[in-house]
Amino acid sequence: MVDAKVIVMDPSDASAQSLEALLRFLDLEPVRVRDVAELRQYQQGAVRDCLALIVSAEAVAAQGSELVVHLRGTPQPLPVIYLSTESLPKIAESSADIAWFHLDLPVKQRRLSAVLNQALNIRNGHPTQPGSHRFRPSGTSRAMRAVHRLIEQVAPCDSNVLILGESGTGKEMVARHIHELSGRAGHPFVPVNCGAIPADLLESELFGHEKGAFTGALTTRLGRFEFAEGGTLFLDEIGDMSLQMQVKLLRVLQERSFERVGSNRTIRCNVRIIAATHRDLDAAIGAGRFREDLFYRLNVFPVQMPPLRDRLEDLPVLTEHLVQRLGQISGRHIRIDKEAMNCLARNPWPGNVRELSNLLERLAILYPEQSISAKDLPERYRSTGTAGWIGSGVRVTPPPEAAIESTAINGAEINDAEINDAAINDPEIHDPAQLAAAVLPSGGIDLKDHLCAIEIGLIRKALVEADGTVAEAARLLRIRRTTLVEKLRKYRLSA
């Protein structure tokens, strides 16, 4: 990339000069423009050998649409690197023909270098580089912002990553996004579902085999490790891998070498491992179903994916993103109106984002090119609940899973979870009458289930606040760490 030109579009002189200095340090030639007009003027005439276009959030907010129109009018649109503390703008989602990258502020040299390498791959026409926005998980909630920060921190490194979360939360999409943001983006991303391959065939699938190694081995076959050479191997549902295969995988992680089935020749490998599971690996270790030494090898950098019910504020933007992607793939376009969105916001989504995606695909088949209202939704999604939305995405009450009844204390509207948390954990609250202020439903209530739901909700909130750190979550809840660990096992929650 030495002496390559990088265009910087930023109306602010101070931030642009700082970025230009960093680009010169990387032996790149910065070209400063303040708006689309100056960009258009610079790109006219002779063909310019430019690597990428770096734009500030202010420039996109002011001229985003005009910028996209201009880039689409050029023979080969420049990759766009978006500088912001927030996620990619909506216009990036609607311009899939342009490669958008997100660079967090303040700009770090290593991160900038990695993104520019990916831009170079695109300018060179590398077929395996589709653009970093393609697999970027959608969402601007606090939980998803924490996930995005973790992704951007670990992507430039070669450390092993363990992605945890319920089924359907988008763990493979996170793995692909980490790969796209890494220096390995120009090399293969190879996924393997360890739970879908029989245990006696998984070794051959991962490491390959020689001709005649076993009955049916008619030819030599390369394994997934060899296919992923230089790139990333994604081991999905690692919790379903047999103990025998866990031992062999551990050796590969330690030695960075393996042998094909039926061969004595050692093959060196340069592969990054990203693993994922929906299972509680701590419980699996305790039950003897998962090796503790392998867990620590994989759990170098854990990323916890939140379930959809814990980030319902992302539902409108997530729905819009899925509808747009569905339209691009199938040509069937739909729109979800406010009434239908309110119904969707009142559901617990046990299948998470995958369930939402499947529902939207079904609606697109049934009602192509139509606006979807509440009456068009399947019966199970039309049920009432306590959660709701105002306008296009402001959540006003908690999700129904929390089973929280509303009440008023001292004229302020709060909920039972807050009463329980304050009365039990706050030493400054001594008035027992406050606890009696909770509203009892006319039909009665299962107190045990109600208290369990409150406890689960508070534990989840504490883990989000603590970015998944159990010790910090225990401090927020004012309980011992070992007590919190026991409660996580009791409720089958994952930190």
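Above: the structure in question.
Scope of this entry: the structure provided in the associated data block.

Analysis parameters
Residues numbered from 1 in each chain as written. Predicted model: local features only at pLDDT ≥ 70, side-chain atom pairs only at ≥ 80, totals over all residues. Heavy atoms only, no water. Helix = DSSP H or I, 4+ residues; strand = E, 2+ residues; numbered from the N terminus. Buried < 20%, exposed > 50% of the residue type's maximum accessible area, 1.4 Å probe, protein only. Contact = heavy atoms within 4.5 Å. Areas by Shrake-Rupley, 256 points an atom, 1.4 Å probe, with all protein chains shown as cover. Expected span 1.5 Å × (residues − 1). Core = buried A, V, L, I, M, F, W, Y, C linked by side-chain atoms within 4.5 Å. Pairing = 2+ DSSP bridges. Axes fitted to C-alpha atoms, helices over the stretch in contact; angles between N-to-C directions. Right-handed = clockwise from strand over helix to strand, strands pointing away. Salt bridge = Lys/Arg side-chain N within 4 Å of Asp/Glu carboxyl O. Phe/Tyr/Trp six-rings, centres within 6.5 Å; stacked < 30°, edge-to-face > 60°. Parallel < 35°, antiparallel > 145°, perpendicular 65-115°, else oblique. Left-handed = near helix turned anticlockwise from the far one by under 90°. Nonpolar A, V, L, I, M, F, W, Y, C, P; charged D, E, K, R; others polar.

### Concerning the overall build of the protein chain
Link 1 in the chain: Of regular secondary structure, the protein chain possesses 19 helices and 20 strands.
Link 2 in the chain: Counting only residues that meet the buried cut, the protein chain has 48% of its 495 residues in that class.
Link 3 in the chain: Counted over contacts in the protein chain with a minimum sequence separation of 6, partners at least 24 positions apart contribute 70%.
Link 4 in the chain: Accessible surface, the protein chain as shown: approximately 24,100 Å² in total, 51% of it carbon and sulfur.

### Examining helix α13 (residues 315-330)
Link 1 in the chain: The end-to-end C-alpha distance of α13, which contains 16 residues, comes to 22 Å, matching closely the 22 Å that a straight helix rising 1.5 Å per residue would cover.
Link 2 in the chain: The set of residues buried in α13 consists of Leu315, Pro316, Leu318, Thr319, His321, Leu322, Val323, Leu326 and Gly327.
Link 3 in the chain: Two residues or fewer after α13 comes Gly331, characterised by a positive phi angle close to 80 degrees.

### Things to note about the nonpolar core
Link 1 in the chain: In terms of nonpolar packing, the biggest core is built from 33 residues, with Leu206, Phe225, Leu233, Leu235, Ile238 and Phe290 touching the most fellow members.
Link 2 in the chain: Breaking this core down by element, the ones donating at least two residues are β6 (161-164), β7 (189-193), α8 (199-207), β10 (232-236), α10 (243-255), β13 (272-277), α11 (281-286) and α12 (292-298).
Link 3 in the chain: It is α10 that contributes the most residues to this core, five residues altogether.
Link 4 in the chain: The contact partners of Leu233, leaving out residues within four places of it in the chain, are Val190, Val192, Arg224, Phe225, Ala228, Val271, Arg272, Ile273 and Ile274.

### Side note on the sheet that holds β6
Link 1 in the chain: Strands sit in the order β7-β10-β13-β6-β14 across an open sheet of five strands; the sheet is parallel. Looking at the sheet topology across the chains shown, the edges are occupied by β7 and β14 (301-304). Within the sheet, the average angular offset between the axes of one strand and its neighbour, ignoring direction, is 20 degrees.
Link 2 in the chain: With four bridges connecting them, β6 and β13 associate as parallel partners.

### Concerning the pairing of strand β1 (residues 5-9)
Link 1 in the chain: With respect to burial, β1 is a largely interior element, four of its five residues being buried.
Link 2 in the chain: Bridge count between β1 and strand β2 (residues 29-33): five bridges; the pairing is parallel. Across the sheet, Ile7 pairs through a bridge with Val31, a residue of β2.
Link 3 in the chain: Taking the sense of rotation as the criterion, the β-α-β connection linking β1, helix α1 (residues 13-25) and β2 turns out right-handed.
Link 4 in the chain: As judged from the five bridges shared by β1 and strand β3 (residues 50-56), these two strands associate in the parallel manner. Within β3, the position partnered with Met9 by the bridge is Val55.

### Thoughts on the sheet that holds β2
Link 1 in the chain: If you trace the five strands from one edge of the open sheet to the other, you get β2-β1-β3-β4-β5, paired in parallel fashion. Two strands in the sheet have a free side with no partner beyond their single neighbour: β2 and β5 (100-103). Here the average twist between neighbouring strands, direction ignored, is 25 degrees.
Link 2 in the chain: On the sheet, α1 packs against β1, β2, β3 and β4 (80-83) and is oriented at approximately 165 degrees with respect to β2.

### Structural notes on the environment of Ile479
Link 1 in the chain: Positionally, Ile479 belongs in the loop between α18 (470-477) and α19 (481-490).
Link 2 in the chain: Not counting chain neighbours up to four residues away, the residues in contact with Ile479 comprise Ala474, Leu484 and Lys487.

### A short note on the environment of Ile456
Link 1 in the chain: Looking at the secondary structure, you find Ile456 in helix α17 (residues 447-465).
Link 2 in the chain: Taking the C-alpha atoms as reference, Ile456 lies 8.8 Å from Leu488; in sequence the two are 32 residues apart.
Link 3 in the chain: Apart from residues lying up to four places away in sequence, Ile456 is in contact with Tyr491 and Leu493.

### Some details on the pairing of β5
The side chains of a regular strand alternate, first on one face of the sheet and then on the other.
Link 1 in the chain: Burial along β5 is two-sided: the residues Trp100 and His102 and Phe101 and Leu103 are all buried.
Link 2 in the chain: Taken together, the four bridges between β4 and β5 define a ladder with parallel strand orientation. Each residue of the ladder has a partner; that of Leu83, found in β5, is Leu103.

### Looking at the environment of Met245
Link 1 in the chain: On the secondary structure map, Met245 appears in helix α10.
Link 2 in the chain: Expressed as a C-alpha distance, the spacing of Met245 and Asp200, which sit 45 residues apart in the sequence, is 9.1 Å.
Link 3 in the chain: Those residues within four positions of Met245 in sequence are excluded, and the remaining contacts are Ala199, Leu202, Glu203, Leu206 and Phe207.

### Observations regarding the pattern of salt bridges
Link 1 in the chain: Using the criterion set out here, one finds 23 salt bridges in the structure.
Link 2 in the chain: The partner of Arg260 in a salt bridge is Glu210, and the shortest N-O contact between them spans 3.1 Å. In this pair, Arg260 is assigned in the loop between β11 (257-259) and β12 (266-268) and Glu210 in the loop between β8 (208-209) and β9 (221-222), connecting sequence segments 50 residues apart. Here Arg260 and Glu210 have matching classes, each one buried.
Link 3 in the chain: Close ionic contact of Asp314 with Arg311 constitutes a salt bridge, the shortest N to O distance being 3.0 Å.

### Details of the packing of aromatic side chains
Link 1 in the chain: All told, the structure shown has six aromatic pairs when counted by the stated rule.
Link 2 in the chain: With a centroid separation of 5.7 Å and 40 degrees between ring planes, the pair formed by Phe225 and Phe258 is classed as tilted. With Phe225 in helix α9 (residues 224-227) and Phe258 in strand β11, this residue pair connects regions lying 33 residues apart in the sequence.
Link 3 in the chain: Overall, Phe258 belongs to the buried group, its relative accessible area being 2%.

### Description of the packing of α13 against helix α15 (residues 352-366)
Link 1 in the chain: It is at 10 Å that the axes of α13 and α15 come closest, and there the two elements cross at 50 degrees. With respect to α15, the axis of α13 lies oblique. Classified by chirality, the crossing of α15 by α13 is right-handed. Contact residues: Leu315, Leu318, Thr319, Leu322, Val323 and Leu326 in α13; Val353, Leu356, Ser357, Leu360, Glu361 and Ala364 in α15.
Link 2 in the chain: Among the residues making up the contact of α13 with α15, the classes are represented as nine nonpolar, two polar and one charged.

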